Amino acid sequence: VQVVESGGGLVQVGGSLRLSCATSGTFFSISLMGWYRQAPGEQRELVAAITINGSTSYADSVKGRFTISRDNAKKTVYLQMTSLKPEDTAVYYCNANGPGSLYNYWGQGTQVTVSS
């Protein structure tokens, strides 16, 4: 089982980034997929989630700016981030949660830094 994030980097305020989370194995299509982030000294927080059927939810702080999507054929989930703010700076983690929390897989994280 692998959960691998990519797409992080350094971007200026107001810029955009697209994060990807590629997975291996057979669990993707039955998993609730989520993006979390953790800033230095802060707790990890849920940014966005997408169900098997494509229903999405977002943290209030990113609504209207971030979009989560999934491609079941590619076993990949994306996070399109626009209008980035300095407070979006964090390590972003991908999570795969199984039915009834049967499993909970994390990626290694990808750093997003928004400079002002």
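Refer to the preceding data block for the structure.
Given the structure is predicted, the values throughout are model-derived calculations rather than measurements.

Chemist: It is not clear to me how the overall build of the protein should be interpreted in this structure. Could you clarify?
Modeler: Each helix and strand in the protein was counted, giving 0 helices and 11 strands. A compact globule built from 116 residues should have a C-alpha radius of gyration of about 13 Å, and the protein, at 13 Å, falls within 12% of that. Referenced to the eigenvectors of the C-alpha coordinate spread, the extents of the protein come out at roughly 40 × 25 × 20 Å. Relative to its 116 residues, the protein shows a buried fraction of 41%. Here the protein has roughly 6,000 Å² of accessible surface; of this, 50% comes from carbon and sulfur atoms. One finds the centroid of the 9 positive side-chain charges in the protein at a distance of 8 Å from the centroid of its 7 negative side-chain charges.

Chemist: How should the pattern of salt bridges be read in this particular structure?
Modeler: Close approach of charged atoms allows side chains with opposite charge to pair. Counted under the stated rule, the structure contains 4 salt bridges. Residue E45 pairs with R37 through a salt bridge whose shortest N-O separation is 2.7 Å. Assessed through its relative accessible area of 35%, E45 is described here as partly exposed. Owing to a relative accessible area of 5%, R37 belongs among the buried residues under this scheme. Close ionic contact of K63 with D60 constitutes a salt bridge, the shortest N to O distance being 3.1 Å.

Cut-offs applied
Position numbers for residues count from 1 along each chain, tracking the sequence in the order it is written. Totals for whole chains, interfaces and linings use all residues, but because this is a predicted model, local features are given only for residues with pLDDT of at least 70 and pairs of side-chain atoms are given and counted only at 80 or more. The basis for every side-chain value is the complete set of non-hydrogen atoms in the structure, without hydrogens or water. What counts as a helix is a DSSP run of H or I of at least four residues, what counts as a strand is a run of E of at least two, and both are numbered from the N terminus. The atom set for the radius of gyration is the C-alpha atoms, and the globule formula is 2.2 Å times the number of residues raised to the power 0.38. Under the scheme applied here, a residue whose accessible area is under 20% of the maximum for its type counts as buried, over 50% as exposed, and between as partly exposed, the area being computed with a 1.4 Å probe on protein chains only. Each accessible area is a Shrake-Rupley estimate made with a 1.4 Å probe; only the visible protein chains count as cover when residues are assessed. Positive residues here are Lys and Arg, negative ones are Asp and Glu, while His and the chain termini are left out of the count. A charged residue contributes its charge at one atom only: NZ of Lys, CZ of Arg, CG of Asp or CD of Glu. The salt bridge criterion pairs a side-chain nitrogen of Lys or Arg with a carboxyl oxygen of Asp or Glu, the two atoms within 4 Å.

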